[in-house]
Amino acid sequence: MSSTPHDPFYSSPFGPFYRRHTPYMVQPEYRIYEMNKRLQSRTEDSDNLWWDAFATEFFEDDATLTLSFCLEDGPKRYTIGRTLIPRYFSTVFEGGVTDLYYILKHSKESYHNSSITVDCDQCAMVTQHGKPMFTKVCTEGRLILEFTFDDLMRIKTWHFTIRQYRELVPRSILAMHAQDPQVLDQLSKNITRMGLTNFTLNYLRLCVILEPMQELMSRHKTYNLSPRDCLKTCLFQKWQRMVAPPEPARQPTTKRRKRKNSTSSTSNSSAGNAANSAGSKKKTAAANLSLTSQVPGLGATPNRSLSPGRDGDLCQSTAVTPAGQFKEKHGGALKGVPPSPAQRM
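Residues numbered from 1 in each chain as written. Predicted model: local features only at pLDDT ≥ 70, side-chain atom pairs only at ≥ 80, totals over all residues. Heavy atoms only, no water.

Caption draft 1: Here's a closer look at the overall build of the protein chain. For the protein chain, the count of helices and strands is 11 helices and 10 strands. Considering only residue pairs separated by 6 or more positions, the protein chain has 52% of its internal contacts joining residues 24 or more positions apart. (Helix = DSSP H or I, 4+ residues; strand = E, 2+ residues; numbered from the N terminus. Contact = heavy atoms within 4.5 Å.)

Right, dumping it as structure tokens:
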């Protein structure tokens, strides 16, 4: 009976020494699944610390949550920051909800350098209400999420646009109260507005006031100042920002440095040009210098170049005799003048 060779690096997943693969990036939809599980593990005793831990696990420190929907008095759009997100989820359960989860269908993912965007046009927020009556509410809309592209993969932006909602009442409850018109009238009324409870809507309206006051509340918690003093300091700092000159003052320094370099280079080039021009002027002056300018009694004289010989004498030059005649000197002797006895020897 043949058996496959044993691999020393293979470990059965059913054995006691099972080794996991290297950690891989979690899919964005799986993070929503984890969030649903965490919401289902909530208990009635969950306090603010539990909700803060929930928001810290699934939302970035600078995350924003936006809800857009249309009520009877017109379209609404509410945006809250990271500090108000835990309280938003807690108000959902305070309004009589016993269960909350999100369903994403046919979502599209797009990867960027530092983020992952999930666009789901068929998102459903399902809430189970226990009071005032047993009702299941399905809120449908478009959910756009932006995750940070790292190991934690937390939500940076949450934008849920509500299109429609449905409230479902079990038939068993209707059959029980079929003979009671008052109960049927109560069952026929909606318990939510666009899928949101009155607790949540009131909190969103309150967030319009609370969101700009986050700076005041953080300052009060940090420095233990009175609300009036916090408002004064915040207004004073804002006034300083408006009055203070703009910060980008580093550009003139760079320009000055460039000007210094350019001026030094231009000065060096101008100095070199001046030196070259001075040398050329000297050369032209020496070249144009003639014997007529040196000897006043001479007329038109031939210009001869002076070149030293091997022994330091002039190999070829012009000499002036007392009679005013030019004689060319070669090797130290004049033409037409007999050599001396010493030269003959």
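Caption draft 2: How the structure looks around unusual backbone geometry. Positive phi is not limited to glycine here, since methionine 153 has a value of about 50°. Positive phi, close to 55°, is recorded for methionine 194, a residue that is not glycine. Mapped onto the elements, methionine 194 comes out in the loop between helix 5 (181-187) and helix 6 (198-210). According to the relative accessible area criterion, methionine 194 is buried, its value standing at 14%. (Buried < 20%, exposed > 50% of the residue type's maximum accessible area, 1.4 Å probe, protein only.)

Caption draft 3: Broad picture of the packing of helix 7 (residues 214-223) against helix 8 (residues 227-243). Here helix 7 crosses helix 8 at 120°, and the two axes come no closer than 9 Å. Judged on the interaxial angle alone, helix 8 and helix 7 are oblique. Handedness of the helix 7/helix 8 crossing: right-handed. Residues Glu215, Leu216, Arg219 and His220 of helix 7 pack against Cys230, Leu231, Thr233, Cys234, Gln237 and Arg241 of helix 8. (Axes fitted to C-alpha atoms, helices over the stretch in contact; angles between N-to-C directions. Parallel < 35°, antiparallel > 145°, perpendicular 65-115°, else oblique. Left-handed = near helix turned anticlockwise from the far one by under 90°.)

Caption draft 4: Geometry of a negative patch on the surface. A contiguous patch of negative charge, built from Glu44, Asp45, Asp47 and Asp52, is present on the exposed surface. In this structure, aspartate 47 sits in the loop between helix 1 (28-40) and helix 2 (48-58). Accessibility expressed as a relative area gives 41% for aspartate 47, which makes it partly exposed. (Patch = residues over 30% accessible without salt bridge, like charges linked within 9 Å, V, L, I, M, F, W, Y side chains within 5 Å. Areas by Shrake-Rupley, 256 points an atom, 1.4 Å probe, with all protein chains shown as cover. Salt bridge = Lys/Arg side-chain N within 4 Å of Asp/Glu carboxyl O. Lys, Arg positive; Asp, Glu negative; His and termini not counted. Charge placed at Lys NZ, Arg CZ, Asp CG, Glu CD.)

Caption draft 5: Spotlight on a nonpolar patch on the surface. On the surface, a nonpolar cluster with roughly 430 Å² of combined accessible area is contributed by Leu206, Val208, Ile209, Met213 and Met217. The residue methionine 213 is located in the loop between helix 6 and helix 7 in this model. The class of methionine 213 is partly exposed, set by a relative accessible area of 33%.

Caption draft 6: View of the environment of leucine 152. Topologically, leucine 152 is positioned in the loop between strand 6 (135-148) and strand 7 (155-168). Judged by relative accessible area, which is 52%, leucine 152 ranks as exposed. Here the alpha-carbon distance between leucine 152 and glutamate 60, two residues 92 residues apart in the chain, equals 9.4 Å.

Caption draft 7: Main features of the state of the cysteines. In total, this model carries 0 disulfides according to the counting rule given. With no disulfide of its own, cysteine 120 has cysteine 123 as its nearest cysteine by sulfur position, at a separation of 5.2 Å. (Disulfide = S-S within 2.5 Å.)

Caption draft 8: Quick look at helix 2. Trp51, Phe54, Ala55 and Phe58 are the residues of helix 2 that are buried. Along the axis of helix 2, the buried positions cluster into a sector of 95°, meaning they face one direction only. Buried-residue contacts for helix 2 involve helix 1, strand 1 (59-71), helix 3 (85-94) and strand 7. (Arc of directions from axis to C-beta.)

Caption draft 9: Looking closely at empty space enclosed by the protein. The full count for this structure, using the stated rule, is 1 cavity of 30 Å³ or more. Of the voids in this model, the largest cavity is the one considered here, and its volume is about 50 Å³. Along its surface, the largest cavity is lined by Tyr88, Val92, Val97, Met125, Thr127, His129, Gly195, Leu196, Thr197 and Thr200. Elements with a minimum of two residues in the lining of the largest cavity: helix 3 and strand 5 (115-129). Counting residues per element, the lining of the largest cavity draws most heavily on strand 5, which supplies 3 residues. Grouping the amino acids of the lining of the largest cavity by side-chain chemistry returns 5 nonpolar, 5 polar and no charged. (1 Å grid on protein atoms, 1.4 Å probe; cavity = no way out; pocket = protein on both sides within 12 Å on 5 of 7 lines; lining within 4 Å. Points joined across faces, edges and corners; volume = space filled by probe spheres on them. Nonpolar A, V, L, I, M, F, W, Y, C, P; charged D, E, K, R; others polar.)

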